[in-house]
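Coordinate analysis (summary)
One letter stands for each residue in the lines below.
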Amino acid sequence: MIAVDRIDYYDEEAVVAFWASHQEGVGTARLGVSGRRSGAEGGGRGAGRPVSQKRAQAVEIALAELRRAGGYQRGLAARLARTHGGGASTWERAVADARTTYAAEVNED
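Every chain begins its residue count from 1, and numbering advances along the sequence as written. Residues qualify for local features only when their pLDDT is at least 70, as the model is predicted, and side-chain atom pairs are given and counted only at 80 or more; totals for whole chains, interfaces and linings, by contrast, use all residues. For the side-chain quantities, the full set of heavy atoms in the structure was used; hydrogens and water were omitted.

Helical geometry: 3.6 residues make up each α-helical turn, so side chains three or four residues apart lie on a common side. When we look at burial in helix α4 (residues 76–84), the residues that qualify are Leu76, Ala77, Leu80 and Ala81. Burial along α4 is one-sided: seen end-on, the buried residues are contained in an arc of 135 degrees. Along α4, exposed side chains directed more than 90 degrees from the buried face belong to Arg82 and Thr83. In this analysis, two residues are considered to be in contact whenever any of their non-hydrogen atoms come within 4.5 Å of each other. Only runs of H or I of at least four residues qualify as helices and only runs of E of at least two qualify as strands under DSSP, and these elements are numbered from the N terminus. Where α4 is buried, its residues meet α3 (53–69) and α5 (88–108). Each residue's exposure class comes from its accessible area (1.4 Å probe, protein chains only) as a fraction of the maximum for that residue type: buried when under 20%, exposed when over 50%, partly exposed otherwise. What the arc measures is the spread of directions leading from the helix axis to the C-beta atoms.

Right, here's the structure in full:
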């Protein structure tokens, strides 16, 4: 970068190379501008997005707590956040997913 009269000038090849590398690293080169798939398959809850291993583990922990307690108890997400670390909103989503799974299990019986 060079600044002349308080105007920044960049080497176009360096910027293009950086952007290509960045897109490859975050996956926007494959998905589109925002990094999310458009339409029904990308963005909404349960829209087929891949679930991270950490998220899957959080849901399993929450599901185990629901099974142990015999159902949902108020404050479960906050308790799990204190016990296992992580943000409250992360645990709230995990508990919501676990409650859906738990309800399906109970309705099977």
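This paragraph deals with α5. Here the expected span of a helix is defined as 1.5 Å times the quantity of residues minus one. Between the first and last C-alpha of α5 there are 30 Å, a value that for 21 residues agrees with the 30 Å anticipated at 1.5 Å per step. When we look at burial in α5, the residues that qualify are Trp91, Ala94, Val95, Ala98 and Tyr102. Buried residues of α5 fall within an arc of 100 degrees about the axis and therefore sit on the same side. Facing away from the buried side of α5, by more than 90 degrees, are the exposed residues Thr100 and Asn107. Contact partners of the buried residues in α5: α3 and α4.

The topology assignment puts threonine 100 in helix α5. Judged by its relative accessible area of 55%, threonine 100 falls in the exposed class. Residues threonine 100 and leucine 63, spaced 37 residues apart in sequence, show a C-alpha to C-alpha distance of 9.4 Å.

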